[in-house]
Amino acid sequence: MGVEHSHDLGGRTQDHDDRANEDDDPERYTAAAAAELDETAFEGGPIGRRTFLQVAAAAGAAFTLPGTATADDVTDDAMTDVYEFAVNYSRDDYAAPTVLEFEDHDALTAFADAYEEPIAEDLDRPPKAVTRTEPTPAAHAHLTADEVGDVLEEIEGVTSLDFSPGSNPFWKLEGGYDDGVFPAVEEARNYASHKETEAAMRHLEREYDDRVNFERIGHGPGHENLYTEAEQDPRDVFVVEVTNDIQDERAFEEKEKSVNLVGIHGDERQGVEAGIRVIEEVAKGEAEDFMHLLDDVVLVFMFVNPDGWVVRKPHYEFTDDDGEQVYNFQRGNATGLDTNRQYPTIGWANPEFWPAEPEDTPEVRPDDEEGRGYHDMVPDALANVEHLRGYENVTFLVDFHGMHASDWFMLNLETNAPFDHDGQHELDQVNVQISEDMESSLGGIEGIQEDVDRVAVDRFDLPEDEAPYNPNGLFDYGTIYDCIGYQITGGFLGWAGQPEEWGGLGARTVAPEMAWANNGTHDEKEWKPYIVRHQTEAYRIEMRQYAEIAAAETEATVATGDADTAYVGSDILTRSSNDLSHTDSSETGRGRGPPAHARGTGVEKYHDLVESGLEGRTTATAIEETSTLAVRFHAHDLEEGTIRVRNPEGEVAYEIDLGADTEGACCLSGREHFYVSDPEPGGWSIECEGPAVEVDIVAIETDEEHEDPEAVFGYPQREYEVNPMQFFEDLEPFLEDGSIDELSVHHVRIGRLLRGQSGKRQYDNLVVSHAEGFDDEEYVAALEAFLEAGGNLVLTDTGVALLGALEVGDAAEIDDEDLRSLEVQIANLRDREFDHHLLTDIREMQQEMWKPSQIGYTDGNDSPATVIDEAAFEAAGGSVAGRMEQWEGPWDEEELVDEGVAAGSIEAGDGEITVLGSLLPPAQQTELHPFGMANYALSFMGHTLLCNALGFEQRRYYDGELIGTWGTVR
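Residues numbered from 1 in each chain as written. Predicted model: local features only at pLDDT ≥ 70, side-chain atom pairs only at ≥ 80, totals over all residues. Heavy atoms only, no water.

Q: I'd love a proper account of the packing of aromatic side chains, names of residues and values included.
A: Applying the stated criterion to the full structure yields 28 aromatic pairs. Ring geometry for F674 and W684: centres 6.1 Å apart, planes at 40 degrees, overall tilted. Of this pair, F674 sits in strand β27 (residues 673–677) while W684 sits in strand β28 (residues 682–689), and the two are ten residues apart along the sequence. Both residues of the pair, F674 and W684, count as buried. By the ring-pair criterion, three or more aromatic residues cluster together here, those being F214, F238, F303 and W309. Over the aromatic face of F252 sits the side chain of K257, whose NZ or CZ is 5.3 Å from the ring centroid. Directly above the ring of W354 sits R365, whose terminal nitrogen or CZ lies 4.7 Å from the centroid. (Phe/Tyr/Trp six-rings, centres within 6.5 Å; stacked < 30°, edge-to-face > 60°. Helix = DSSP H or I, 4+ residues; strand = E, 2+ residues; numbered from the N terminus. Buried < 20%, exposed > 50% of the residue type's maximum accessible area, 1.4 Å probe, protein only. Lys NZ or Arg CZ within 6 Å of the ring centre and 35° of its normal.)

Q: With reference to specific residues and values, describe the layout of surface pockets.
A: Empty space left among the atoms is revealed by rolling a probe the size of a water molecule over them. Considering only enclosed or pocket space, the second largest pocket measures out at about 910 Å³ in volume. The leading source of residues in the lining of the second largest pocket is β27, at five residues. Within the lining of the second largest pocket, the residues separate by chemical class into ten nonpolar, 15 polar and twelve charged. (1 Å grid on protein atoms, 1.4 Å probe; cavity = no way out; pocket = protein on both sides within 12 Å on 5 of 7 lines; lining within 4 Å. Points joined across faces, edges and corners; volume = space filled by probe spheres on them. Nonpolar A, V, L, I, M, F, W, Y, C, P; charged D, E, K, R; others polar.)

Q: An account of the sheet that holds strand β7 (residues 138–143) is needed here, citing residue identities and associated values.
A: Pairing within the open sheet is antiparallel, and its four strands lie in the order β6-β7-β5-β8. The outermost strands of the open sheet, each flanked by one partner alone, are β6 (129–132) and β8 (158–163). Taken pair by pair, the neighbouring strands of this sheet meet at an average axis angle of 20 degrees, ignoring direction. Of the strands in this sheet, β5 (96–102), β7 and β8 touch helix α4 (residues 81–89), which is tilted by about 75 degrees from β8. Along the sheet, helix α5 (residues 105–115) makes contact with β5, β6 and β7, crossing β6 at roughly 155 degrees. (Pairing = 2+ DSSP bridges. Axes fitted to C-alpha atoms, helices over the stretch in contact; angles between N-to-C directions. Contact = heavy atoms within 4.5 Å.)

Q: Lay out the pattern of salt bridges in plain terms, naming residues and giving numbers.
A: Considering all chains together, one arrives at 48 salt bridges under this definition. The residue E254 makes a salt bridge to R250 at a minimum N-O spacing of 3.6 Å. Here R250 and E254 lie together in helix α8 (residues 249–254), a separation of four residues that amounts to about one turn. Pair check on accessibility: E254 and R250 agree, each one exposed. In this structure, R331 engages D338 in a salt bridge whose closest nitrogen and oxygen atoms are separated by 3.1 Å. Of the two residues, R331 and D338, both sit in the buried class. (Salt bridge = Lys/Arg side-chain N within 4 Å of Asp/Glu carboxyl O.)

Q: Describe in detail the environment of E186, supporting the description with residues and values.
A: For E186, the location among the structural elements is in the loop between β8 and α7 (194–207). E186 sits in the partly exposed class, given a relative accessible area of 32%. In this structure the C-alpha to C-alpha distance between E186 and R533, which are 347 residues apart in sequence, comes to 7.0 Å. For E186, the contacting residues outside a window of four places in its chain are I119, L123, P529 and R533.

Q: Lay out the nonpolar core with the relevant residues and their values.
A: Within the largest apolar cluster, 133 residues are counted, with the highest numbers of intra-cluster contacts made by M201, F303, L397, F409, M438 and W516. Here this core takes eleven residues from helix α18 (residues 529–551), the largest share from any one element. In this structure, I346, F728, V824 and A827 belong to the second largest nonpolar core, which totals 42 residues. (Core = buried A, V, L, I, M, F, W, Y, C linked by side-chain atoms within 4.5 Å.)

Q: So what about the sheet that holds strand β19 (residues 554–559)? Which residues, and what values?
A: Spatially, the three strands line up as an open sheet ordered β19-β39-β40, and their pairing is antiparallel. In this open sheet, the two edge strands, each paired with only one partner strand, are β19 and β40 (961–966). Ignoring strand direction, the axes of neighbouring strands in this sheet form an average angle of 25 degrees. Here strand β39 (residues 953–958) runs beside β40; their pairing, made up of five bridges, is antiparallel. Its bridge partner lying in β40, R956 is registered against G964.

Next up, the structure:
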């Protein structure tokens, strides 16, 4: 046994001396290029065409064909075909993960003397090699081709060498699980591989079938497999369920479910690394911090993006801009779609996305020129939705992510779903407990600061002199926009948090984001145990705390001080699917009108490569009938360059500095999309500086008032009728005392706010969120009488304009010209005065008052707000709590065009007027929304603002004990 320095390749022999005299490198082929060659190019060689293509695709490099092999190539009967190819035809510095077996202990000792290393004290990387003696002498090592040659030449008794990526060094061998299924992070060889994890879960199910259930629920689209020559090689989406007596179906159904999504983005690995270790420990009964929960809770782990996971193996071809082979995970699935944007969320649906709704899935999406359907593009998302709808009692659904640099080590993102009072408090309470647990377990940011600074410099190339990193601390939480500066639609959690009657799960949904865990180009050097140990511990804490809350008896109530509250309802706030120009429910009963082609909605799609400079730009043309223009940039893996979108006037409408975003931002994904409603007619150009960028462009044209989702997505319009005043109906069951009633403008006009002619109030609080009745003198007079009697009038949204009509107390100083309507991107409350009673118990992180997408608003400047001129408000004696601003222009060069008071209070007679300029807007119906619409989407901050405005105290109970209050009874 040894290294053979000559090979019979394609019928000819090429020996070492001949090759040494050649000056030029041999011609090298990518897997894609080699796939075009016929079988004769491989005839007579030691490696067939399929093996060549398999490993070329897996390693992602440009390889030499067997017919041009060099004398340095390594071959031996002990090497598997795949391993032999990976070693010989990959990048020169590639150290292949190798499992070796030896015929005796002497051979193992010889190998160990040459390659085995102890675990480094600094945990910078895994050892070069590790060994075992039983049940067979074996080793695992990361070896380059030269090192493999040395091993085979110098060590007698090597019986097998195989390609073995993953965490456990010996999982492929007999006795591979004798020391555990998944090693501790400090002892792991690398990130767990997909195949390794699947095999491990099957093993745990066999060994602990009373506690573990493993199930394949679907598959990804699958990358091209050049070994089998199949266009798609789908890999399994699988689920692992862990609980006591798991075979008891009735008990299983009744238990609360705490669902953990891990690896939804393939390049964000820490959720997987934490989850697999929790599963093993719980299965074995070794996780003392989880075991007491298993009679009440099922822990569900969903491994949802196999395509983004498996591509790190050398079975799929990925190269960088220079054609250099890379070994990296991928963000999305094999179709290039972002796996966290393809879900059937209510409200605004971006036409770039592929929302996966199993109930109405069309065979072919009508706007797709290639004739593809959802089962082609998002079978993984379809499987996830269908599987989860089979569960009862999904309490929490948590989607574990990773980001780049951040001011915080970890952030928890409140998702866009509309939560009721109880849901808001359960989400907030779990964050409180996570924060306390992490501070205790990790010792605060100080306990891990050295490793945080080290990874920032070591792996993310940030300046050492700017340390310390994560300067704000270990943990904080808020909405998506609060935490990472953008909003989305189509998110997994947005769908899962929707009420069941709207197609969701009614779960409390949250997305943890871990800093230093969004991985770029990878090889074996990128596994950094010193930081991954902290990240997996933090995510383990999260997983446990969600299960703790799911098992606990929690309750949230509202104390009003026996106050009675009314709100003025109105049909002008109601939005219905019957209002849409493409529906005719009277004919079909399903909210559907005539066929899509008769309704005048058309779709134009383009895919282009934008090269650097003006010559390489592409243009999308908008016409008068164009209602929507959406652009997606395939820029997630780019670390430099600038992308711009210019409107027909040549002005920059959108700009991304990729270098700035990848170095300092949480993540880029929220900025890889440009969306504009009712675009200005003419040419919208996309240009870039730096690396070429692929773009997808969708233009929707309609001669109707509304775009028809069936013509775009293939889904019929779902029926709905929504009104933001439903918030008060939903809040009423949580009141400890007092009442909430609906009144109409007519009721107010005829004196229902007062008790007959007594001059005393019938209600303590009144909420008005609309402009109906502003020109009705009797209605306005009744409001003034209510204030004179000491009532608390809360004006939200367009109801704030009542300030211009009321002539009572200080409010009489506010005129119509002091009021302005804004359109903002996000309804953020900025420049706040935290000593104002409206902001009691609101944290610095919280800014977003309501979340736009699920009530039909986009991530552009279309969220409505009514604000008051600050100078006029203060001159009238008003007390400012916060402001709101309208910005316009390119992302990085936006200009402030208007601002005003969006939260504050002002005395009015013996009463008080509270203003909240953007909180409960009616739904926007101008954008595509095939799956219906939410009534409202207040954030926890918005919820607290409104409770504070009404003088309510929110109370939170845990296992019957009052553990906290928010606000005070006023």
